[in-house]
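# Topology and contacts: notes
Take a look at the letters that make up each chain.
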Amino acid sequence: MNNTISVDVTVNQPREAVWRCWTLPEFICQWNQASEDWHTPKAINDFRIGGKFIYTMASKDGAESFDFEGIYTEIKPLELIRYEMLDGRKVEVKFLEQNGRTTLIETFDPETENPVELQKQGWQSILESFKKVAELC
């Protein structure tokens, strides 16, 4: 993965709990937003190689909405998830556990419409939201 962006977060939970929170739709709907004025009212996750996910992200005031979609290309349980977004960009998510804590590292191909720093901030904000939910899983 060349010219990629990476973000990470460390969660005070073992890898099994972090993995579950990352992959189950009922948890995805709780953490998948970059700010408090957005939410994910719907998440569908066919979690298998070749399976598709669709997360509907929407502003809480109802003014904006979009689907975040991808197809899984590689899954190594409790270790690694790779997927390709519909526009061909690739994403890799690693789960590394040490001393009962799990570091999640997400590396992705940037898109061309927004500055790299803005993309990094948005994806990092989602990971921070994930951490809050995952520490309760």
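What comes next concerns the included structure. Quick caveat: nothing in here was measured; it's all calculated off a predicted structure.

### A few points about the sheet that holds strand β6 (residues 90–98)
- Overall, antiparallel pairing links the seven strands, which are arranged β1-β7-β6-β5-β4-β3-β2 in an open sheet. Of all strands in the sheet, those bounded by a partner on one side alone are β1 (5–11) and β2 (38–45). With strand direction ignored, the average angle separating the axes of adjacent strands in the sheet is 25°.
- Across seven bridges, the pairing between strand β3 (residues 52–59) and strand β4 (residues 65–76) is antiparallel. Residue pairing in the sheet places F53 in a bridge with G70 of β4.
- Packed on one face of the sheet, helix α1 (residues 15–23) meets β1, β2, β4, β5 (80–85), β6 and β7 (101–108) and runs near 155° to β6.

Reading guide: rules and limits
Residue positions are given per chain, counted from 1 along the sequence in the order it is written. In keeping with the predicted nature of the model, local features appear solely for residues at pLDDT of at least 70, side-chain atom pairs appear and are counted solely at 80 or more, and the whole-chain, interface and lining totals rest on all residues. Each side-chain value is derived from all of the structure's non-hydrogen atoms; neither hydrogens nor water enter the calculation. For two strands to count as paired, DSSP must find a minimum of two bridges between them. Strands are runs of DSSP state E lasting at least 2 residues, helices are runs of H or I lasting at least 4, and numbering of each runs from the N terminus. Only the stretch in contact is used when fitting a helix axis, every axis being a line fitted to C-alpha atoms; angles between N-to-C directions are given from 0 to 180 degrees. Working rule for contacts: check all heavy atoms of both residues, and any pair within 4.5 Å makes them a contact.

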